[in-house]
Amino acid sequence: MTRAAEASIDLQALQYNLQRVRESAKNSRIISVIKANGYGHGLLRVASALSSSDAFAVAKIEEVLTLREAAFTQPILLLEGFSDAEELALLAQHDIDVVVHHQYQIDLLEQTSLHSKINVWLKIDTGMHRLGISLDDVSVNYKRLQACDNVAADIAVMTHFANADDHHDPRTSAQLKRFNSAIAEINAPRSLANSAAILKYSESHAEWVRPGIMLYGVSPFIKGLAAEENLKPVMTLSSKLIAINHYKKGNALGYGGSWRCPDDMPVGVVAIGYGDGYPRAARAGTPVLINDQRVPLIGRVSMDMICVDLRSQPFAVIGDRAVLWGEGLPVEEIAECAHTIPYELLCRVTERVRITEVE
Ligand SMILES: *Cc1c(COP(=O)(O)O)cnc(C)c1O
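Computed from a prediction, not measured in an experiment: that's the story for all the values here.

When we look at burial in helix H4 (residues 61–69), the residues that qualify are Ile61, Glu63, Val64, Leu67 and Arg68. End-on, the buried residues of H4 take up no more than an arc of 160°, which puts them together on one face. Exposed and oriented more than 90 degrees from the buried face of H4 are Glu62 and Glu69. Looking at the buried positions of H4, the neighbouring elements they touch are helix H2 (35–39), helix H3 (43–49), strand S3 (55–58), strand S4 (76–78) and helix H5 (85–93). Ala71 lies just past H4 and shows a positive phi near 70°.

In structure tokens:
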């Protein structure tokens, strides 16, 4: 028997969404962000489907090496950069572009001897306050990089938005302004826009855009839905009904017994739980599709199972397919029911879920 829990990955939807990036930022080159195992969709699978991207970005050095070992020759940007001389040498050897976000990295660049020059993206903190050189230090650090023998000529500059997921938040324009004034004296390729900014802040597109979540067919906006942005969901997480039981009014379901049957009723058990990456925080009432019809989750999410209310589905039978999110059931909605964001749901799907591809 094959495992019931399955994540099917729609490769054409990935390519469709990449095309949406192209249409949205016509004059920019595209760095497809495929960190965290391609947002949970599989690093190499996503890289293959998106191989027409101008570049890739990942967060960890292991991901860089996996891509190079699999013979991806595109430029790859390492978003967290290097943290010691050994990593720096390894990255230079594999011709990886590195983000430089801190003085200590510039010190390392000056102190290490490399066999070949390395491409550098200087990250500027314009208000996110996580990684980046502060505004006042930009020009001195840029000059240091220019003077450094290990650094290749075309140094790029970048920043990251903290609030672009909210259309109306004025802090995004403020970040853009700070960025523009910090680089007023610098003539370098620029990169600012994540998915949200690609879709809503065309003034931030510049030479390179960095789409992540939109490639996977998910709205980057608070309370947004993929369909509103003409994006196609890539991952559909599904499983099967492995039991249908009839309980009496007042019976308590599952761990803690916090959910009680309001009626004599059929309860379906779906073979998926937090051990597969279905969020334990999903509240009672979170929708699940059984044979394309919505039914509510009831009781607590267990490690391997969830229960659903089948009163509206008297013809459901054991073996019927249950969709947890994806096609027909927006992951954005499930994230909201679980008090989290779609990013987290996608990259938390665990290894015991069988992955299938749809072409
Ligand atoms: C993850 C990430 C992105 C992509 O963000 P999305 O919101 O998924 O589009 C872009 N840039 C940086 C620096 C990131 O860390």
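Let us now look at the site of the ligand. Not every one of the 13 residues close to the ligand is listed here, only the nearest: Lys35, Tyr39, Ser195, Ile213 and Tyr343. One of the side-chain N or O atoms of Arg210 is found 2.8 Å from a nitrogen atom in the ligand. Here an oxygen atom of the ligand and a side-chain polar atom of Tyr343 are 2.7 Å apart. Contact with the protein chains covers 92% of the free accessible surface of the ligand, which is 390 Å².

The subject of this paragraph is the domain arrangement of the chain. Per the domain assignment, the segments making up the chain are domain 1 (11–222) and domain 2 (235–358). Taking only C-alpha atoms into account, the centre of domain 1 sits 37 Å from that of domain 2. Between domain 1 and domain 2, the residue contacts involve 13 residues of the former and ten residues of the latter. Taken together, the two surfaces of domain 1 and domain 2 that pack against each other cover about 990 Å², and 62% of this comes from carbon and sulfur. Between domain 1 and domain 2 we count one salt bridge in total.

Examined against the element boundaries, Thr126 turns out to sit in the loop between strand S6 (120–123) and helix H7 (138–147). Among the polar contacts listed, one links the side chain of Thr126 to the side chain of Thr159, at a separation of 2.8 Å. A polar contact of 2.9 Å, which involves the side chain of Thr126, links it to the side chain of Gln175. Among residues more than four places away in sequence, those in contact with Thr126 are Leu135, Thr159, His160, Gln175, Arg178 and Phe179.

Here the focus is the nonpolar core. Ile34, Leu109, Tyr278, Ile290 and Trp325 are the most contacted members of the largest nonpolar core, which totals 115 residues. The biggest single contributor to this core is helix H1 (residues 11–24), with five residues. Both domains that meet at this core, namely domain 1 (11–222) and domain 2 (235–358), each give it at least three residues. Those residues within four positions of Ile290 in sequence are excluded, and the remaining contacts are Leu241, Val270, Val295, Val308, Leu310, Gln313, Ala316, Asp320, Arg321 and Ala322. In terms of nonpolar packing, the next biggest core, distinct from the first, is built from nine residues, Ala243, Trp259, Val269 and Cys307 among them.

A few words on helix H8 (residues 171–182). Over its twelve residues, H8 runs 16 Å from end to end, which matches the ideal 16 Å to within 8%, given 1.5 Å per residue. Within the span of H8, buried status applies to Thr172, Gln175, Leu176, Phe179 and Ala182. Angular distribution of buried residues about the axis of H8 spans 130°; they occupy a single face of the element. Residues of H8 that are exposed and point over 90 degrees away from its buried face: Lys177 and Ser181. On its buried side, H8 packs onto H7, strand S7 (156–158) and strand S8 (190–191).

Moving on to the pattern of salt bridges. Enumeration according to the criterion identifies 16 salt bridges in this entry. Residues Glu344 and Arg348 are paired through a salt bridge, measuring 3.0 Å at the closest nitrogen-oxygen approach. Through salt bridges with shared partners, a single ionic network connects Asp107, Glu110 and Arg144.

A positive phi is found at Ala71, a non-glycine position, where the angle reads about 70°. Within the secondary structure layout, Ala71 lies in the loop between H4 and S4. Backbone geometry at Asp95 places phi at a positive 55°, although glycine is not the residue there. Tracing the sequence through the fold places Asp95 in the loop between H5 and strand S5 (97–100). Judged by relative accessible area, which is 48%, Asp95 ranks as partly exposed.

Calculation criteria
Residues numbered from 1 in each chain as written. Predicted model: local features only at pLDDT ≥ 70, side-chain atom pairs only at ≥ 80, totals over all residues. Heavy atoms only, no water. Buried < 20%, exposed > 50% of the residue type's maximum accessible area, 1.4 Å probe, protein only. Helix = DSSP H or I, 4+ residues; strand = E, 2+ residues; numbered from the N terminus. Arc of directions from axis to C-beta. Contact = heavy atoms within 4.5 Å. Near = heavy atom within 4 Å. Polar contact = N/O pair within 3.5 Å; in protein donor to acceptor, adjacent residues only side chain to side chain. Areas by Shrake-Rupley, 256 points an atom, 1.4 Å probe, with all protein chains shown as cover. Domains from an automatic or database assignment. Buried area = accessible area lost by both parts, 1.4 Å probe. Salt bridge = Lys/Arg side-chain N within 4 Å of Asp/Glu carboxyl O. Core = buried A, V, L, I, M, F, W, Y, C linked by side-chain atoms within 4.5 Å. Expected span 1.5 Å × (residues − 1).

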